[in-house]
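Structural overview for review
The lines below spell out each chain.
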Amino acid sequence: RGSGGASRQQIRSRQLTLLGVAIVIFILLFLAFRGCLNARKERGFENYVNDLTALTAETKQLSDNFFSAFEGGSDNGDINLQNQINADRGASQGLLERAQGLDAPGELSSAQSQIALSYQLRRDALEVIATQIPNAQGKNSKKAIKKINEQMRVLLASDVLFARARFEIDQELQNQDIV
């Protein structure tokens, strides 16, 4: 031990201090990383809900237009009804593709599957209705009207499926404390 050298105890103390500082830095980095992951997860939920809300608003508009045309809300008669339903059929395909493309967090995968299925049911029902409209106005009207009526029940089933998925999403948002 010279006059300028550090004692073994001082070296050991410095090593323990350095180890303590390293542990504190590690803990702070871990907490920051975890906070970023939690914020990312929350943003994922929020983005999904916002996208689904926009999709739902467009679906409601399509539904309102469809039922308005179907109830005789158009002044141009049968041809306009057929054109409106054909347009709705095309729009429903676009909505289905958007619904299938939603980026759902893993916790919402079951609900997302139900959402996509509900949009598929809607698209399929509108396709059948669009093909049956000319028949409903012609000779085989009873058969065509029966098929259209069946597809109206498919639309109702898609609404029930969508509501069930929406309930699951709301429950998961409450579980995640994201409301």
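An account of the accompanying structure is given in this report. (Residues numbered from 1 in each chain as written. Predicted model: local features only at pLDDT ≥ 70, side-chain atom pairs only at ≥ 80, totals over all residues. Heavy atoms only, no water.)

This part covers the overall build of the protein chain. Of regular secondary structure, the protein chain possesses 4 helices and 0 strands. Shown N-terminal to C-terminal, the secondary structure of the protein chain runs as helices and strands in the order α-α-α-α. In terms of overall dimensions, the protein chain is more spread out than a globule: its C-alpha atoms have a radius of gyration of 30 Å, far above the 16 Å expected for 179 residues. Overall, the protein chain is about 115 × 25 × 20 Å in size when its C-alpha atoms are taken along their principal axes. Evaluated residue by residue, the protein chain yields a buried proportion of 26% over its 179 residues. Within the protein chain, residue pairs in contact and separated by at least 24 positions form 76% of the contacts whose partners lie at least 6 positions apart. Positive and negative side-chain charges of the protein chain, numbering 21 and 20 respectively, have mean locations separated by a distance of 11 Å. (Helix = DSSP H or I, 4+ residues; strand = E, 2+ residues; numbered from the N terminus. Rg over C-alpha atoms; globule rule 2.2 N^0.38 Å. Buried < 20%, exposed > 50% of the residue type's maximum accessible area, 1.4 Å probe, protein only. Contact = heavy atoms within 4.5 Å. Lys, Arg positive; Asp, Glu negative; His and termini not counted. Charge placed at Lys NZ, Arg CZ, Asp CG, Glu CD.)

Between the first and last C-alpha of helix α3 (residues 109-136) there are 40 Å, a value that for 28 residues agrees with the 40 Å anticipated at 1.5 Å per step. Of all the bends found along α3, the most pronounced is centred on Ala 130 and spans about 25°, while Pro 134, a proline, follows it within four residues. (Expected span 1.5 Å × (residues − 1). Bend = angle between axes of the 7 residues up to and from the residue.)

A separate point is the packing of α3 against helix α4 (residues 141-175). Across the interface, α3 lies against α4 with an axial gap of 8 Å and an inter-helix angle of 165°. Overall, the two elements α3 and α4 adopt an arrangement that is roughly antiparallel. The two elements α3 and α4 cross, and the hand of that crossing is left-handed. Counted by class, the contact of α3 with α4 contains 20 nonpolar, 8 polar and 6 charged residues. (Axes fitted to C-alpha atoms, helices over the stretch in contact; angles between N-to-C directions. Parallel < 35°, antiparallel > 145°, perpendicular 65-115°, else oblique. Left-handed = near helix turned anticlockwise from the far one by under 90°. Nonpolar A, V, L, I, M, F, W, Y, C, P; charged D, E, K, R; others polar.)

Along the polypeptide, Thr 53 turns up in helix α1 (residues 8-70). With 48 residues separating them in the primary sequence, Thr 53 and Gly 101 have C-alpha atoms 14 Å apart. There is a polar contact of 2.7 Å between the side chain of Thr 53 and the backbone oxygen of Val 49. (Polar contact = N/O pair within 3.5 Å; in protein donor to acceptor, adjacent residues only side chain to side chain.)

As a further point, take the packing of aromatic side chains. Aromatic ring pairs are described here by two measures, namely the spacing of the ring centres and the angle between the planes. Overall, the coordinates contain 2 aromatic pairs when judged by the stated rule. Centroid distance Phe 66 to Phe 67: 4.9 Å. Interplanar angle 80°. Geometry classified as edge-to-face. Ring plane angle 80° and centroid distance 6.2 Å describe the contact between Tyr 119 and Phe 162, whose orientation is recorded as edge-to-face. With Tyr 119 in helix α3 and Phe 162 in helix α4, this pair connects stretches of sequence that are 43 residues apart. On the accessibility criterion, Phe 162 (11% relative accessible area) is buried. The lysine or arginine in question, Arg 122, covers the ring of Tyr 119, its NZ or CZ lying 5.1 Å from the ring centre. Above the face of the Phe 162 ring, Arg 122 is positioned so that its terminal group lies 5.4 Å from the ring centre. (Phe/Tyr/Trp six-rings, centres within 6.5 Å; stacked < 30°, edge-to-face > 60°. Lys NZ or Arg CZ within 6 Å of the ring centre and 35° of its normal.)

In this section: the layout of surface pockets. What the largest pocket holds in volume is close to 260 Å³. What lines the largest pocket is a set of 17 residues, and nearest its centre among them are Ser 63, Phe 67, Arg 122, Leu 155 and Asp 159. Mapped onto the lining of the largest pocket, the elements with two or more residues apiece are α1, α2 (78-100), α3 and α4. In terms of residue count, α1 provides more of the lining of the largest pocket than any other element does, 6 residues in total. A breakdown of the residues in the lining of the largest pocket according to their chemical character gives 9 nonpolar, 4 polar and 4 charged. (1 Å grid on protein atoms, 1.4 Å probe; cavity = no way out; pocket = protein on both sides within 12 Å on 5 of 7 lines; lining within 4 Å. Points joined across faces, edges and corners; volume = space filled by probe spheres on them.)

Let us now look at the nonpolar core. Soluble globular proteins tend to bury their nonpolar side chains together. One finds Tyr 48, Leu 52, Leu 55, Ile 115, Tyr 119 and Ile 169 to be the most contacted residues of the largest nonpolar core, which totals 18 residues. Of all the secondary structure elements, the ones that give two or more residues to this core are α1, α2, α3 and α4. For this core, the leading source of residues is α1, giving 6 residues. Those residues in contact with Tyr 48 that sit more than four places away from it in its chain are Leu 102, Asp 103, Ala 104, Pro 105, Leu 108, Gln 112, Ile 115 and Ile 169. Formed by 11 residues, the second largest nonpolar core is a distinct cluster that contains Phe 66, Leu 126, Ile 129 and Ile 133. (Core = buried A, V, L, I, M, F, W, Y, C linked by side-chain atoms within 4.5 Å.)

With that out of the way, let us pick up α4. Look at α4: 51 Å from first C-alpha to last across 35 residues, which is about the 51 Å you get at 1.5 Å a residue. Of the residues trailing α4, Asp 177 is marked for its positive phi of about 60°.

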